[in-house]
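Take a look at the letters that make up each chain.
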Amino acid sequence: MATSAAAYDRLAELKAFDETKAGVKGLADAGIAELPRIFHAPPHLINGSPTAPADDPIFTFPIIDLEGAWGEDPVKRAQIVGNIRDASANWGFFQVVNHGVPARVVDEMKAGAHRFFELDVEQKKEFFGRDMTKKVVYNTNFDLYSSPAANWRDTILFHMAPDPPEPEQLPICCKDIVTEFSKEILSFADSLFGLLSEALGLSSNHLKELGCAEGVDVAYNYYPPCPQPELTLGATQHTDTAFIAMLVQDHIGGLQVLHRNHWVDVPPMSQGLVVNIGNLLQARGFKFVPVMSNDKFTSVEHRVLLKGVGPRVTAIAFFGIGYTSNSRLYGPIEELLSESDPTKYKKTTIQDFVAGAYKQGLDGTSFVQLLKLTDD
């Protein structure tokens, strides 16, 4: 065993894998029977917390019907705002239905993910890279060289707003739907931020005026069947460096949210959008930046389990983390502060927060300590 451990050169194996530019799909297509060691996750990341019992109502994932949210019934809107407030404060996650994004667009986004990742490797290589300032970037794990274990997942990321790519910079197989989805999701985000603003006790246009919906990155994730799913993860537990994120997932599932120290499955819904609070709109977790809500909402760890079937595809929109020239300083919203509830963090720009989070670790744990004003 000692000889085997001494002979294992992780960096060399990472580089060899990365240089193929074929991703985990390339390994799956090659028919490997054993998972390469670079993907072996530490056992505590897979087995650290128990899965919630399916029949316990306190672990029922919140699903919010938005029908009537923008109608003329103030009672209905108040009820929906209350549901969003409760889910954002207690779960940091919820799934919305009747959100207004056309079913055709949601379905075509999932189809577009299949079309891109099932291209020939030579066609995908055109978009391969690790420069995250580029408007279109495809690779396996943005943190491949810094994470304790690689995730069984390929990704292509599009920086779609406020400065979108030129049409010729996008893959032909999905450029139309990615462009259309971006427009639809930005429109819906304007409405959702209105509900979130009211859930914080603010005017409906407050978060929008702060620029929370100005920047959006759209990503496709692809999880091919894994030969040993018990040894790795599709995504290690993490929080998102964003104001909010919105996810389209297919029928396979695998997304789990950490709630009351248990992993809770997020049920796949064909037309549902999964919304989660990001670190820039964070609340209780002391490790992350409550930049906006000052302890009103919570940003919660989540992960993706593999099931040995697939491919599983998702499409996700991250709001507010675009690599823009926006020099706006963000901190806890002044209207939420009081003498008894003062600000807990220094102000920061999105660019500095993102850079600090990636430098200190993707969850930004150490970087947050530089911003924190109080010890609690």
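Residues numbered from 1 in each chain as written. Predicted model: local features only at pLDDT ≥ 70, side-chain atom pairs only at ≥ 80, totals over all residues. Heavy atoms only, no water.

You'll find the protein chain entered in an unreviewed UniProt entry as Fe2OG dioxygenase domain-containing protein, with Linum tenue given as the organism. Recorded under Cofactor (unreviewed entry), the UniProt text for the protein chain is reproduced unchanged: "Fe cation". Per UniProt, the protein chain carries the Sequence similarities (unreviewed entry) text "Belongs to the iron/ascorbate-dependent oxidoreductase family." (UniProt positions renumbered as here; feature names shortened; annotations may be inferred.)

Q: Would you take a moment to explain the sheet that holds strand 4 (residues 154-161) for this structure?
A: The strands making up a sheet associate through backbone hydrogen bonding, with each pair oriented either parallel or antiparallel. Taken together, eight strands build an open sheet; the order of strands is 1-2-10-7-12-5-4-3 and the sheet is mixed. Each edge of the sheet is formed by a strand with only one pairing partner; in this case those strands are strand 1 (63-65) and strand 3 (136-139). In this sheet, adjacent strand axes meet at a mean angle of 20° when their direction is disregarded. Of the pairings in the sheet, the one linking strand 4 to strand 5 (residues 216-223) comprises seven bridges and is antiparallel in character. Residue Asp-154 lies in a different strand from strand 5, and its bridge partner there is Tyr-222. Taken strand by strand, helix 6 (residues 103-117) contacts strand 3, strand 4, strand 5, strand 7 (244-249) and strand 12 (312-319), and its axis lies near 60° from that of strand 5. Here helix 8 (residues 175-199) sits on the sheet and contacts strand 2 (93-97), strand 4, strand 5, strand 7, strand 10 (273-277) and strand 12; the angle it forms with strand 7, its principal contact strand, is near 130°. (Pairing = 2+ DSSP bridges. Helix = DSSP H or I, 4+ residues; strand = E, 2+ residues; numbered from the N terminus. Axes fitted to C-alpha atoms, helices over the stretch in contact; angles between N-to-C directions. Contact = heavy atoms within 4.5 Å.)

Q: Which parts of the structure should I look at to understand the packing of helix 5 (residues 74-90) against helix 8?
A: Helix-helix packing: each pair is described by the crossing angle between the helix axes and the interaxial distance. In the contact formed by helix 5 and helix 8, the axes pass within 9 Å of each other and the chain directions differ by 80°. Here helix 5 is positioned roughly perpendicular relative to helix 8, judged by the angle of their axes. For the pair formed by helix 5 and helix 8, the contact residues are Arg-77, Ile-80, Val-81, Ile-84, Arg-85 and Ser-88 on the first element and Leu-192, Gly-194, Leu-195, Leu-196, Glu-198 and Ala-199 on the second. Within the contact of helix 5 with helix 8, the residues separate by chemical class into seven nonpolar, two polar and three charged. (Parallel < 35°, antiparallel > 145°, perpendicular 65-115°, else oblique. Nonpolar A, V, L, I, M, F, W, Y, C, P; charged D, E, K, R; others polar.)

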